[in-house]
Structure formats: structure tokens, C-alpha cells
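# Close look at the chain arrangement
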Amino acid sequence: MSELLDGVPWRGAIYSGGWVPAHGGVLDSVEPATGAVLAEVGLADEADVAAATARAAAAQPGWAAAIGPERAAVLRRAAAVLSDNRAEFERWLVREGGAVPGKAAFEVDLALGELWEAAALPTQPWGHLLPASEPGRESVARRVPLGVVGVISPWNFPLILSIRAVAPALALGNAVVLKPDVQTAVSGGTLVARLFEAAGLPDGLLHVLPGDAGPGAALTVDPHVAMIAFTGSTAVGREVGAAAGRALKRVSLELGGNNALIVLDDADLDVASSAGAWGAFLHQGQVCMTAGRHIVLESVAEEYLGRLAKRAQGLPVGDPYTGQVALGPLINERQRDHVDRIVRETVAAGAEVRAGGTHEGLFYRPTVLADVTPSMPAFREEIFGPVAPVVVVRDEDEAVAVANDTAYGLVAAVQTGSPERGRELAGRLRTGIVHINDQTLNNDAYAPFGGTGVSGNGSRFGTQSSWDEFTQWQWVTFREQAHAFPF
Ligand code: NAD
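Everything in this summary refers to the structure shown in the same document. (Residues numbered from 1 in each chain as written. Predicted model: local features only at pLDDT ≥ 70, side-chain atom pairs only at ≥ 80, totals over all residues. Heavy atoms only, no water.)

With that settled, the discussion passes to the pattern of salt bridges. Under the counting rule described, the total for this entry stands at 26 salt bridges. A salt bridge links Arg86 to Glu90, with the nearest nitrogen and oxygen atoms 2.8 Å apart. Within this pair, Arg86 and its partner Glu90 are both found in helix 3 (residues 86-97), separated by 4 residues, close to a single helical turn. Take Arg86: its relative accessible area is 23%, and that puts it in the partly exposed class. Of the charged contacts, one joins Arg428 and Glu424 as a salt bridge, the two residues approaching to 3.9 Å between their closest N and O atoms. Assessed through its relative accessible area of 32%, Arg428 is described here as partly exposed. (Salt bridge = Lys/Arg side-chain N within 4 Å of Asp/Glu carboxyl O. Helix = DSSP H or I, 4+ residues; strand = E, 2+ residues; numbered from the N terminus. Buried < 20%, exposed > 50% of the residue type's maximum accessible area, 1.4 Å probe, protein only.)

As C-alpha cells, then:
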């Protein structure tokens, strides 16, 4: 069967007004599980960014003027192309990103949801008729596109974290310049370009420029770019936010998390430990929504720990492309060393390893740490690895205080036999998202997604929120006839 990347001269090229030579060099796309080279990806430099944003700015007004159904049709075709070619997307997510097949399928489903929701945006009402301030005067507030939107995405969920900004931004009449992370340049970039190219998006409206901090920083301050939609670490988000602020651009920051899973004393511990294992270990814990702090009431703590450790010990780790595994590799050695350093330092500070704590190459065993206290590194830092630190608390009040004892504020989850107790607790948690009787990893294309504190600036993706993010209001008045003024 032919594939989307077949016959397209994308190797060593970038998508910027067709497939053109990249000026930032060529990078090997490496499979983390094996070290095999999968492809040679073209890297953009700062001049490529400037050329792309200028082209995007020139193409955008025509697209903004297109009728809503025309824009919607492109988004619907993109969804159809993704659906028809999902096996190819999933294979790249597995091999390039180290995802297990279930995570890859989940990610494609999420991306489809984003495209379907985005396809519905262009035909929704786009303004209000306002009360007239004088007889005969018509006054409207209407949503207009921003112009060129710069999207900067990370490697951990590369497809969805590119698409969730690219799709609504395009649907609402913007042009987009996407800079995916170089480690997943194909699944977060090249394939996104091919998707929209095959869907018939008019030329010049989407540019895909893999690259590192240089082109990312250039995109952030580029005068043709009206908004930056950034997903990545808090440290880089601070820099991007500061640079975008100085340039007076709109900026959406979706950053790191250090998320609490609270287990109350009336929880079903079999279910709670399963939620805990899923929340902590899916995609090797490399998710912004990972359950990085398990906060458990003391009367059930020992049983929760035992069940969680048993689940962790039973999870196979290995190459997700060739083996039946639950966890694949970490993305790179730097990330592996970061995870291992936090585990070592936390154990040195008095925590006990109940499962895992070891690794072979990039394959880190799912790890459960007991006797963790809020002063330890595994509690304070975003680990971004398959580690479940368990903190024991006396009661609900202490659980809330410990959960809120972080500068992050992305998501929290509560396990309890009493939904009312969970609902009450949800109101006391300082996060952008709370799930009761669930785990922390959830994403609906039509729900507002975003964090507080150092997890981001409170921006949101998701249907109505996408209007707020990717358009701005314009007040327009009409009179049949102009009239004179006192001067
Ligand atoms: P990162 O911040 O290192 O990189 C993210 C992106 O920013 C990459 O494309 C990178 O090339 C680019 N970049 C790096 N320096 C830049 C600069 N100076 N200017 C502009 N762009 C620059 O993050 P990462 O390690 O790739 O991703 C992991 C982090 O992302 C974690 O902290 C995770 O929690 C967070 N994340 C957040 C969400 C969310 O929705 N809140 C989702 C996924 C990941």
C-alpha cells in the first residue's frame, strides 16, 4: 500500500511553499529503542523562518477571506487523510518517539478529534450584533484571525501537540508556521505537512520547520508572527513568554506539570492502584499530565503501595516496535540521566524503592518510591519518567495542602468511594483540570485544556477556547451616511 511519505522529496527538505531545501543542515531521525537511523530530516535556520513567515503573511488574507465551508472542507479532508493513513502515523510514533502501539493509536485518535472539532469551527457564528448607540447605526463585534500563528511543539506527544494548535488556527483563518522538536520531526512535523498538503490546503498557509532553539527563538520574535502557541518545558516557556511579551505578541504557554493523584481512605484500592500505574507509567511517564505525586491517606497507604508495586513489577519494558511491551524507551540519555538522578537523590534522602529503580540503556523500569516527603527531589521536580513517588498523609486537609504544595498547576485526580467527597475536594485543588475517580491523563478536543501557575499562562485549547486563542475581536460600525462633527 502506498504511504503518505512515499514519492515526496521530504528528506533533507522542509515544507515551506512546497518541499524546499533546508538551510540548517540535515539531522538523522534516530529510533530510541535501537539507535537505528530512520530518516534524514531537513533543519530550518533563522533565514528559513523569516522566509516562511513572510510567505505565510502574504498567503493569509486570501485564506481568511475564504468562506467558512471552504476552510471546513480542508479540515475534514485532513481528518480523512489521517484516518486512511493512520497505520503510517502510528508506526512513526512508535519508532521515532518510543511509544507503545496503544499510546500511538490513542494519539492518532486524539488528533482525529482535534481535526473534527476544528472542522466545525469555520461554520460557527463569529460575532455579535451589538445594541445601536444612535438611531440608524449598526454595530457589530466580530472575530477576525490573528494573521500568522507560530506553533512550537515538544517530542512527547508530537502529533497531537502540533495538531491541537495547527488545526484550529488554520480553521479560523490564520496561516501557521510550525516548529516541531527535532527528536520527533517526522511524527510532529513532516507528517503534519503531508497531511495538509494531501488535504489540499492552499499553498503558503502552513510551513513546517524542524529545528532547535535558534529557529524557535527566531519564530518567537519574528515581526510577521502575531501569536506563539508554545508547548514544552517551564524553563523554555519562561524564555518564550518573555521574548513574546517584549515583542507584544499574544502567547499561549502549555508547560510542565507535577500532578497529584490523591487516594482517599474509601477508594477501591484495586482500581486506584490501576489508575495510579496508568497515570504514572503511560509513555514511560513522559507526559505533562503524568501522575508524578501519589498522595495517599495513611490508613490505606500500605495496601496502595503494595498493589502499585506489584503492578509495576509486572509491566514488561522493551522495544515497542518488535516486542509486546507496556513501556518503551525514554527519549534520550539526557532524559534517562535526569530520571535516574532524581531517583538516586530521593533514595539518598530516605525514600525506599518498592519496584524498579534500575535501567538498561534507555529502558527504565517502572519505579515505585515509598516514604517520600515533600522536601525530596521526586516530590519537588517534574521527573518526566516512569516513577511513582508515594507520600502518606493523615487526612483530607493534609492531602489538599500537600497537593497544592507546588508551583505547578496542570491537573489533579482523586480516587474515592464518595463522589461528593471528590467534588468537594476538586474545588480546593489549585489546578486547571481535575478528574474525580479517574487518573490524571485525559484530553478531549472539546474540553478546555490548560494549567495554572508555572504549568502555563491559563490559555486553553478546545472548541470555544480555540476562538479565544486564535482570533481577536474587531468592533465595526456602519452608518448609511456619514455626518459632520463639531470641529
Ligand atoms: P522543551 O521546552 O525543551 O522543548 C519544547 C520545544 O521548544 C521544542 O520544539 C524545542 O526545540 C523548542 N525550544 C527550545 N528552546 C527554545 C527557545 N529558546 N525558543 C523557542 N523554542 C525553543 O520541552 P521538551 O523537553 O521537548 O518537552 C517536555 C516538556 O514539555 C515537559 O516539561 C512537559 O511537561 C511539557 N509538556 C507540556 C504539555 C502541556 O500541554 N502543558 C504537553 C506536553 C509536554
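Let us now look at the packing of aromatic side chains. Two aromatic rings, taken as a pair, are described by how far apart their centres are and by the angle between their planes. As enumerated under the stated definition, the model contains 5 aromatic pairs in all. The interplanar angle of 50° and the centroid separation of 5.0 Å between the aromatic rings of Tyr15 and Trp19 together place this pair among those described as tilted. By relative accessible area, which is 17% here, Trp19 ends up buried. Aromatic side chains Phe461 and Phe470 sit 6.2 Å apart centroid to centroid with 35° between the ring planes, which places their arrangement in the tilted category. (Phe/Tyr/Trp six-rings, centres within 6.5 Å; stacked < 30°, edge-to-face > 60°.)

Time to look at the sheet that holds strand 6 (residues 137-145). Spatially, 3 strands are ordered 5-6-23 in an open sheet, and the strand pairing comes out antiparallel. The sheet is open, and its two edges are formed by strand 5 (127-130) and strand 23 (471-479), each paired on a single side. Averaged over all neighbouring strand pairs, the angle between strand axes comes to 20°, with direction disregarded. Direction of pairing for strand 5 relative to strand 6: antiparallel, over a ladder of 4 bridges. Each bridged residue has a counterpart across the sheet, and for Leu130 the counterpart in strand 6 is Ser139. Helix 15 (residues 463-470) rests against strand 6 and strand 23 of the sheet, and its axis sits at about 75° to strand 23. (Pairing = 2+ DSSP bridges. Axes fitted to C-alpha atoms, helices over the stretch in contact; angles between N-to-C directions. Contact = heavy atoms within 4.5 Å.)

Moving on, we get to the site of the ligand. If you check the shell around the ligand, you find 30 residues, and the closest are Ser153, Arg164, Ser233, Leu255 and Glu382. Ser153 places a polar main-chain atom, nitrogen or oxygen, 2.7 Å from an oxygen atom of the ligand. Ser233 is positioned with one of its side-chain polar atoms (N or O) 2.6 Å from an oxygen atom of the ligand. Across the complex, the protein chains shield 89% of the 860 Å² of accessible surface that the ligand would expose by itself. In this structure the site holding the ligand corresponds to the largest pocket. Mapped onto the shell around the ligand, the elements with two or more residues apiece are helix 5 (158-171), helix 7 (213-221), strand 10 (225-231) and helix 8 (234-246). Within the shell around the ligand, the residues separate by chemical class into 15 nonpolar, 9 polar and 6 charged. Looking at the shell around the ligand, you find at least three residues from each of domain 1 (13-255 + 456-475) and domain 2 (259-436). (Near = heavy atom within 4 Å. Polar contact = N/O pair within 3.5 Å; in protein donor to acceptor, adjacent residues only side chain to side chain. Areas by Shrake-Rupley, 256 points an atom, 1.4 Å probe, with all protein chains shown as cover. 1 Å grid on protein atoms, 1.4 Å probe; cavity = no way out; pocket = protein on both sides within 12 Å on 5 of 7 lines; lining within 4 Å. Sits in = over half its atoms within 2 Å of the grid points. Nonpolar A, V, L, I, M, F, W, Y, C, P; charged D, E, K, R; others polar. Domains from an automatic or database assignment.)

A few words on the sheet that holds strand 12 (residues 259-263). Pairing within the open sheet is mixed, and its 7 strands lie in the order 14-17-18-13-12-20-21. Looking at the sheet topology across the chains shown, the edges are occupied by strand 14 (352-355) and strand 21 (433-436). Each adjacent strand pair in this sheet contributes to an overall mean axis angle of 25°, direction not counted. Judged from the 4 bridges that link them, strand 20 (residues 411-415) and strand 21 form a sheet pairing that is parallel. Bridged to Ala413 within strand 21 is His435. Along the sheet, helix 9 (residues 269-281) makes contact with strand 12, strand 13 (291-297), strand 17 (367-370), strand 18 (387-393) and strand 20, crossing strand 12 at roughly 170°. Set on the sheet, helix 11 (residues 333-348) makes contact with strand 14, strand 17 and strand 18; between it and strand 17 the angle comes to about 25°.

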